[in-house]
Amino acid sequence: MNRKEFISALERELRKLPAEEREAAVEYFEEYFDEVLAAGNRTEEEICKELGNPKRIAAEIKADYAARILEDDEKIGETRASRGQRVSAVWWVLLGICAAPVSIVLATVLFVLLICLIVVVAAIYIAIAAVGVGAIACVVFGLVALFSSISTGLMFIGFGVVLIAIFLGVGAAMIMGTKKLFRFIKRKAGERREKNKSKKLERMYAEGRYENFKKGGVDYEE
Amino acid sequence: MAFKIESNLLDACALSILKRGDTYGYEITQEMQKAISVSESTLYPVLRRLQKEELCRTYDMPFQGRNRRYYAITEKGEEKLRFYKREWSEYRSAIETILNGGSNNE
């Protein structure tokens, strides 16, 4: 990798950051290349090798940026932190979670489960609606049948009334159940969000900033 | 080195290098590397953080037909450095107390 490739890779990795942050990083590393090249004992390729993977450097910069805006948010509070800043902080935290491959699988599984739940609930509602339609059909058919055979007519009207009772009972129970279920999910999700907030940040620190020290050679055995 | 360097400690090291005089990124990296092994890219987030927290400020000086960005410690930065130094000596003596087997045991 040469200087140009390194810088454009870094720029690409940082494209989601505000332009000011991205430019500052690019300027810093451009200057770094200038300095080392001016010292005259290393080639562009060697410098790139020393600097390491631009992806990892970008991850560090992003983690630091996220930590900074979250800290600002806490310090400044509601008065100065704009809504946009807060939203972007949340965005960065989310990016941090999604960076972990395990979380992607977990998030997908949760998402699919939620879809399944919605489909099941919808199917039950459709079944209940069908019972309702069937009940009305039975009653109508029974009334018509009364003219030809009183016993058949009464039987169908009886079926219809039973079905209407089932429809009303099950339908009401279902509506109450759905409400409770979604309230429960909402509450659980809220609790998890609160609990995970600090954990996520810690993990971002760990992945973004400290990861570098491991690979960068600070943490080696003598 | 068997120990990880925590980011506040890196901040403290960078501040104390700046305390000795204004300097630029590459030189700060080299200064650090004289004593501890930090990777070449570690310092950028540190300097950016210091700058954003107004612990240091930057200015550009032309050098051999290009710009060199200098970093200078601010008053706030000096205050923070004093704080870090106090904290560090407390921390160090606490660890040494444990490592040497208690303060009363010689």
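Conventions and cut-offs
Residues numbered from 1 in each chain as written. Chains lettered and ligands numbered in written order. Predicted model: local features only at pLDDT ≥ 70, side-chain atom pairs only at ≥ 80, totals over all residues. Heavy atoms only, no water. Salt bridge = Lys/Arg side-chain N within 4 Å of Asp/Glu carboxyl O. Helix = DSSP H or I, 4+ residues; strand = E, 2+ residues; numbered from the N terminus. Buried < 20%, exposed > 50% of the residue type's maximum accessible area, 1.4 Å probe, protein only. Contact = heavy atoms within 4.5 Å. Pairing = 2+ DSSP bridges. Buried area = accessible area lost by both parts, 1.4 Å probe. Polar contact = N/O pair within 3.5 Å; in protein donor to acceptor, adjacent residues only side chain to side chain. Nonpolar A, V, L, I, M, F, W, Y, C, P; charged D, E, K, R; others polar. pLDDT = per-residue confidence, 0-100. Axes fitted to C-alpha atoms, helices over the stretch in contact; angles between N-to-C directions. Parallel < 35°, antiparallel > 145°, perpendicular 65-115°, else oblique. Left-handed = near helix turned anticlockwise from the far one by under 90°.

## Considering the pattern of salt bridges
Opposite charge on two side chains permits them to pair, given that their charged atoms come into close proximity.
Phase 1 of the analysis: Counted according to the given criterion, the structure contains 17 salt bridges over all chains.
Phase 2 of the analysis: A salt bridge links D64 of chain A to R49 of chain B, with the shortest nitrogen-to-oxygen separation between them at 2.5 Å. With D64 of chain A in helix α4 (residues 54-76) and R49 of chain B in helix α3 (residues 43-52), this residue pair bridges two chains.
Phase 3 of the analysis: Owing to a relative accessible area of 2%, D64 of chain A belongs among the buried residues under this scheme.

## Re the environment of A14 of chain B
Residue and element names in this part refer to chain B.
Phase 1 of the analysis: Inspection of the secondary structure assignment puts A14 in helix α1 (residues 7-19).
Phase 2 of the analysis: Judged by its relative accessible area of 0%, A14 is buried.
Phase 3 of the analysis: In this structure, the C-alpha to C-alpha distance between A14 and T29, residues 15 residues apart in sequence, is 8.9 Å.
Phase 4 of the analysis: Once you skip the residues sitting within four places of it in the chain, A14 turns out to touch M32, V46 and L50.

## Some points on the pairing of strand β3 (residues 66-73) of chain B
Residues and elements named next belong to chain B.
Phase 1 of the analysis: Most of β3 is tucked away, with six of its eight residues classed as buried.
Phase 2 of the analysis: Sheet topology places strand β1 (residues 23-24) next to β3; two bridges connect them, and they run antiparallel. In the sheet register, T23 faces β3, and the bridge partner there is Y71.
Phase 3 of the analysis: Alignment of strand β2 (residues 56-63) against β3, held across eight bridges, turns out to be antiparallel. Pairing of M61 across the sheet is with R68, part of β3.
Phase 4 of the analysis: Joining the antiparallel neighbours β2 and β3 is a turn of two residues, in which Q64 adopts a positive phi near 50 degrees.

## What to know about the interface of chain A and chain B
Phase 1 of the analysis: Listed per partner, the contact involves 36 residues of chain A and 31 residues of chain B.
Phase 2 of the analysis: Summed over both sides, the interface between chain A and chain B buries roughly 3,000 Å², with carbon and sulfur atoms accounting for 50% of that surface.
Phase 3 of the analysis: At the boundary of chain A and chain B, one finds seven salt bridges.
Phase 4 of the analysis: Here R48 of chain B makes a salt bridge to E20 of chain A, at a shortest N to O gap of 3.5 Å.
Phase 5 of the analysis: Our count for the contact surface shared by chain A and chain B stands at 10 residue pairs in polar contact (both at pLDDT 80 or more).
Phase 6 of the analysis: Counting residues per element, the ones that place at least two in the side of chain A that touches chain B are α2 (19-39), α3 (44-51), α4 and α7 (150-216) of chain A.
Phase 7 of the analysis: Considering each element in turn, the side of chain A that touches chain B owes the most residues, 14 residues, to α2 of chain A.
Phase 8 of the analysis: For the side of chain A that touches chain B, the per-class residue count stands at 15 nonpolar, three polar and 18 charged.

## Regarding the confidence of the model for chain A
Residues and elements named next belong to chain A.
Phase 1 of the analysis: Residue-level pLDDT values for chain A average 79, and 73% of them are 70 or greater.
Phase 2 of the analysis: By mean pLDDT, helix α5 (residues 83-99) is the weakest element of chain A at 63, and helix α1 (residues 3-13) is the strongest at 93.
Phase 3 of the analysis: Taken together, the stretch residues 210-222 has pLDDT below 50 and engages in 34 contacts with residues farther than four places along the chain or on a different chain.

## Observations regarding the side chain of R56 of chain A
All names here are of chain A.
Phase 1 of the analysis: Tracing the sequence through the fold places R56 in helix α4.
Phase 2 of the analysis: Residue R56 is classed as buried on the basis of its relative accessible area, which comes to 14%.
Phase 3 of the analysis: Among the polar contacts listed, one links the side chain of R56 to the backbone oxygen of L51, at a separation of 3.4 Å.

## Remarks on the packing of α2 of chain A against α3 of chain A
Residue and element names in this part refer to chain A.
Phase 1 of the analysis: Axis separation between α2 and α3 bottoms out at 10 Å; the angle between their running directions is 125 degrees. With respect to their mutual orientation, α2 and α3 come out oblique. Once α2 is placed against α3, the crossing between them reads as right-handed. Side by side, α2 and α3 meet where F29, Y32, F33, V36 and L37 of the first sit next to E44, I47, C48, E50 and L51 of the second.

## Details of the sheet that holds β3 of chain B
All names here are of chain B.
Phase 1 of the analysis: With antiparallel pairing, three strands are arranged side by side in an open sheet as β1-β3-β2. Each having just a single partner strand, β1 and β2 make up the two edges of the open sheet.
Phase 2 of the analysis: Running over the sheet, α3 touches β2 and β3 and is turned about 115 degrees from β2.

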